[in-house]
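Summary of the model geometry
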Amino acid sequence: GAAAGVGAAAAGKVTAGKPWAVAAKAKAGAKASAAAAKAAPNGGNDNTGSGSGSDDDDNTGSGSGSGSGSESGSDSNSNSDSDSESDSDSDSSEYSSSEYDSDDERQRVHYEKMQAAKTARLARFDAAKVHRSRDRLRCPIICILGHVDTGKTKILDNIRRTNVQDGEAGGITQQIGATFIPDTAIHDRTKQLTKGILDLNIPGLLVIDTPGHESFTNLRTRGSSLCDLAILVVDIMHGLEPQTLESLNMLRLRKTPFIIALNKIDRMFDWKSNDDFPTRETLDLQKAHAKSEFEDRAKKVMLEFANEGLNAAIYWDNPDPRKFINVVPTSAITGEGIPDMIYTLVDLTQTRMNERLQFFNAVQCTVLEVKMIEGLGTTMDVILINGTLREGQTIVVAGLHGAIVTTIRALLTPQPLREMRIKANYQHHKEISAAMGIKICAVGLEQAVAGTAMLVQEPEDDLEELKEEVLSDMKGVMSRIDKSGEGVYVQASTLGSLEALLEFLKSDKVKIPVAGIAIGPVNKRDVMGASVMHERKRPEFATILAFDVKVSDEAQKMANDLHVKIFTADIIYHLFDQFTAYMEEVKTKKKAAAAERVSFPCVLKIMPNCIFNKRDPIVVGVDIVKGIARIGTQLCIPSQGFIDIGKIASMELNHKQVDKALPGQSVAMKIQAVSSQESSRLYGRHFDHKDELVSRITRESIDMLKENFRDELGKEDWRLVVELKKKFEIHYGEPM
């Protein structure tokens, strides 16, 4: 505010001449005179419109602009501002209206200033881009995509010779990890294929491993929006699967070039594995039937790609890499074909993407994850796409409650060929150039949000403008929270997984409203928040879905006391399964409770020759004329002044007990009296077989039917509800 005020003062001279400034001044004058007239005893003009601020902006603006003073005067008089109306004191109204104008002006000046700062910043960025160095290339950022369980992480594990996979819950990648493969490792792994001759201009490859499960679309899109090139992993045994197609569409949408890794070739019958061999060499060593099975399966996959409108070819038979996508057969377990894959990636990036990879010194950086690490505090994993980061720079990132401005305390990278997620010893750097996966230590990152851009404040940048820029990404996540305030609480370890969960809960299959979100472990405060649903009479929503986070002991104890359910899981779909089972259970309980009090619509006819007991309990044979006769339904007799005779206690159809009977069926029915008045009802005196029996419909009963049994009633049954409701309304003379 203060900065904007200074800006407004400085820009006062410039803005004074602008047409909107003139209009605003005229408006202030008109408003003041209107207020003075109002304060005078005779000037009480009753038809002052309570027009909102924006309305009188337009009116007075046009009035004063037209130049005829009387018109503008009358305009502002009839449309005087609501604050001057409430304040009889002319001074204060004058003050508030003039402040109102300067606020308007201030906002506009602020907006213009921000736009100017943004334009200048983008211009500097473009200038840096023009001066990029042709002889210095950055690492290409490579994304691994594909269906769950096709072996994405295993391929990376093979390149790195590590085992992240077994450290992941259910062997499924839950977060994005970034791995740097240095040039020495590239030479080393491709030696057998290239015979040691490889012209390498890039410093290495930066590979991002993304989760394949559908809930992680957002994580996958986040990964693929960073990447220069992608590896689409396809299981040769299964062909294209749902997430494969989804990844494909994403790559097409972002126009990202990619290669296909046809994984699991070692699964062919009778395959003799040769560790780390290039594909062609290992194929030549196989038996004829294993070879032909591989060829058949590979052709099938190519056909599936052709159905998707893509030409694919095994990379050594590729007639034109610009029109055909390279397919590299691999095995993540034995390492066969991995040299081919690395070689193809290097070749593609150096020949086809040279210009895109030219290094330029303007920071482009995306936050992947925010994590607590013992001994380091809250850290932030980022991917530096371009430019150079240094210790001590001021950075701006989006936070859950506004922009965070902080200083880089330490820049850490994992040891080469290690995954950023793995807690190993980190290397410290004074400065790092792109492209690289970096862990940043800084103060106040607790609320930082993954998946947003990180900006660095250069001397000539406007800090306010940078803050506004980073927050523009955040609006999407906050819009997922249910405004009614009814719904479950969702907690996750990172914003990525939180977004994934929200996406999952929003999907058509699930449709669960979310009332609150948080990142990090479940505390007592979160339990308190979720327990509010009991007061809102929505106890089934008094739950916390905690994904990949710890629950403190106090929180668990409090949850037990306040009847808040906490579901925890490391795998997103286990969490969903638990919650779905719980919702089903709640629904069944609600139904059971409602069944005792609800009356289903029905019309019954007594069979004259089937009267077994005339008084409490009345046992008679009936035909179901319309609707559904169900145990627990209260019956009455409209033709005898709507007298109640009791509830259906049991029914028999062909000597078998049934819970409900439908039109056209004839059943023996036991009707149990509920009150002393009903127990005095006698067949033959109060009613006989000529009288129809109908169910007693009440407002409560209709509401319960709608809430719990909507799917059990057909259109005819609902028509009968309306028909009976009208009969009762006419009889009792009041609407239901």
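Heads up: the structure comes first, above all this text.
Below you will find a few notes about this structure. The numbering scheme is per chain: residues are counted from 1 as the chain's sequence reads. pLDDT decides what is reported in this predicted model: residues at 70 or higher carry local features, side-chain atom pairs at 80 or more are listed and counted, and totals for whole chains, interfaces and linings draw on all residues regardless. To get the side-chain values, take all heavy atoms of the structure and skip hydrogens and water.

Some thoughts on the pattern of salt bridges
Every case where a carboxyl oxygen of Asp or Glu lies within 4 Å of a side-chain nitrogen of Lys or Arg is listed as a salt bridge. Enumeration over the complete set of coordinates arrives at 34 salt bridges. Here Lys 439 makes a salt bridge to Asp 381, at a shortest N to O gap of 2.6 Å. Highlighted residues: Lys 439 in strand 15 (residues 436-442) and Asp 381 in strand 9 (residues 377-386), separated in sequence by 58 residues. Pair check on accessibility: Lys 439 and Asp 381 agree, each one buried. The shortest N-O distance in the salt bridge between Asp 688 and Lys 690 comes to 3.6 Å. Given the relative accessible area of 61%, Lys 690 is considered exposed. In this structure, a network of salt bridges that share partners links the residues Lys 118, Arg 121, Glu 465 and Glu 469. Strands are runs of DSSP state E lasting at least 2 residues, helices are runs of H or I lasting at least 4, and numbering of each runs from the N terminus. Three exposure classes are used, based on accessible area relative to the maximum for each residue type with a 1.4 Å probe and protein chains only: buried under 20%, partly exposed in between, and exposed over 50%.

Remarks on the sheet that holds strand 17 (residues 488-492)
The pairing criterion for strands is at least two bridges between them, as found by DSSP. The strand order 18-17-19-20 describes an open sheet built from 4 strands, whose pairing is parallel. One side of each edge strand has no neighbouring strand; the edge strands of this open sheet are strand 18 (514-519) and strand 20 (565-569). This sheet shows a mean twist of 15 degrees between the axes of neighbouring strands, independent of strand direction. Note that strand 17 and strand 19 (residues 543-547) share 4 bridges and pair parallel. What sits directly across from Val 490, in strand 19, is Leu 545. The axes are straight lines fitted to the C-alpha atoms, using for helices just the contacting stretch, and the angles between their N-to-C directions are given from 0 to 180°.

Quick look at the nonpolar core
By convention a nonpolar core is built from buried Ala, Val, Leu, Ile, Met, Phe, Trp, Tyr and Cys residues, the set being connected through side-chain atoms within 4.5 Å. Of all hydrophobic cores here, the largest spans 63 residues; its most connected members are Phe 258, Phe 305, Met 380, Leu 389, Ile 438, Ile 440 and Met 454. With 6 residues, the single largest contributor to this core is helix 13 (residues 288-307). Core analysis: the second largest hydrophobic core is formed by 30 residues, Leu 137, Leu 200, Ile 231 and Leu 345 among them.

Thoughts on the pairing of strand 22 (residues 618-627)
Here is the key point about a regular strand: its side chains alternate between the two faces of the sheet. Direction of pairing for strand 21 (residues 602-613) relative to strand 22: antiparallel, over a ladder of 7 bridges. Bridge pairing links Cys 602 to Gly 627 in strand 22. What sits between the antiparallel neighbours strand 21 and strand 22 is a turn of 4 residues. Pairing of strand 22 with strand 28 (residues 666-672), which is carried by 6 bridges, proceeds in the antiparallel orientation.

Remarks on the environment of Ile 265
Checked against the element boundaries, Ile 265 lands in the loop between strand 5 (258-263) and helix 12 (279-284). Separated by 33 residues in the primary sequence, Ile 265 and Ala 298 have C-alpha atoms spaced 9.6 Å apart. Residues within four places of Ile 265 in sequence aside, it is in contact with Ile 236, Trp 271, Thr 279, Phe 294, Pro 329, Thr 330, Ser 331 and Glu 336. Any two residues whose heavy atoms approach within 4.5 Å are treated as being in contact.

Here's the deal with the side chain of Thr 349
Relative to the helices and strands, Thr 349 resides in helix 14 (residues 338-352). Setting aside its immediate chain neighbours within four residues, Thr 349 contacts Pro 140, Ile 202, Leu 229, Asn 354 and Leu 357.

Notes on the packing of helix 9 (residues 183-194) against helix 14
Describing two packed helices takes the angle between their axes plus the distance from one axis to the other. Taken N-terminus to C-terminus, the directions of helix 9 and helix 14 make an angle of 105 degrees; their axes are 8 Å apart at the nearest point. Judged on the interaxial angle alone, helix 14 and helix 9 are roughly perpendicular. Residues Ile 186, Arg 189, Thr 190, Leu 193 and Thr 194 of helix 9 lie in contact with helix 14, whose contacting residues are Ile 338, Pro 339, Asp 340, Ile 342, Tyr 343 and Val 346. In this scheme, roughly parallel covers angles under 35 degrees and roughly antiparallel covers those over 145, while 65 to 115 is roughly perpendicular and the rest are oblique.

Some thoughts on the packing of aromatic side chains
Whether two aromatic rings pair depends on their centres lying within 6.5 Å, for rings of Phe, Tyr and Trp, where Trp uses its six-membered ring; planes under 30 degrees apart make the pair stacked, over 60 edge-to-face, and the rest tilted. Applying the stated criterion to the full structure yields 9 aromatic pairs. Geometrically, the ring pair formed by Phe 642 and Phe 728 is tilted, given 5.0 Å between the ring centres and 50 degrees between the ring planes. In this pair, Phe 642 is assigned in the loop between strand 24 (634-637) and strand 25 (643-653) and Phe 728 in helix 23 (residues 715-732), connecting sequence segments 86 residues apart. Geometrically, the ring pair formed by Phe 642 and Tyr 732 is tilted, given 6.2 Å between the ring centres and 45 degrees between the ring planes. Of the two residues, Phe 642 is situated in the loop between strand 24 and strand 25 and Tyr 732 in helix 23; the sequence distance between them amounts to 90 residues. An aromatic cluster of three or more residues is present, and its members are Phe 567, Phe 579 and Tyr 582.

What to know about unusual backbone geometry
Residue Asp 616 is joined to Pro 617 through a cis peptide bond whose omega torsion reads -10 degrees. Residue Lys 264 is not a glycine yet carries a positive backbone phi of 70 degrees. We note that His 655 has phi near 65 degrees; this positive angle belongs to a residue other than glycine. Assignment of secondary structure puts His 655 in the loop between strand 25 and strand 26 (656-658).

Description of the pairing of strand 29 (residues 692-695)
Direction of pairing for strand 21 relative to strand 29: antiparallel, over a ladder of 3 bridges. For Lys 605, the partnering residue across the bridge sits in strand 29 and is Glu 692. Relative to strand 29, strand 24 is paired through 2 bridges, and the arrangement is antiparallel. Directly across from Leu 635, in strand 29, lies its bridge partner Ser 695.

Here we look at the environment of Ile 606
Assignment of secondary structure puts Ile 606 in strand 21. Residue class for Ile 606 comes out buried when judged on its relative accessible area of 4%. Spatially, the C-alpha atom of Ile 606 lies 6.9 Å from that of Val 620, the residues being 14 residues apart in sequence. The residues contacting Ile 606, other than those within four sequence positions of it, are Ile 611, Val 620, Gly 621, Val 622, Tyr 683, Phe 687, Asp 688, His 689, Asp 691 and Leu 693.

Looking at the environment of Lys 264
Residue placement: Lys 264 occurs in the loop between strand 5 and helix 12. The class of Lys 264 is buried, set by a relative accessible area of 18%. Linking Lys 264 and Thr 150, residues 114 residues apart in sequence, is a C-alpha distance of 8.1 Å. Dropping the residues within four chain positions of it, Lys 264 is found in contact with Asp 149, Thr 150, Asp 235, Ile 236, Thr 330 and Ser 331.

Some points on the packing of helix 20 (residues 572-595) against helix 22 (residues 699-708)
Between helix 20 and helix 22, the shortest axis-to-axis distance is 11 Å and the interhelical angle comes to 155 degrees. With respect to helix 22, the axis of helix 20 lies roughly antiparallel. Between helix 20 and helix 22 lies a crossing whose hand is left-handed. Only Met 704, Glu 707 and Asn 708 of helix 22 make contact with helix 20, whose side of the interface consists of Lys 590, Lys 591 and Ala 594. Left-handed is the label given to a crossing in which the near helix is rotated counterclockwise from the far helix by less than a right angle, and right-handed is the label when the rotation is clockwise.

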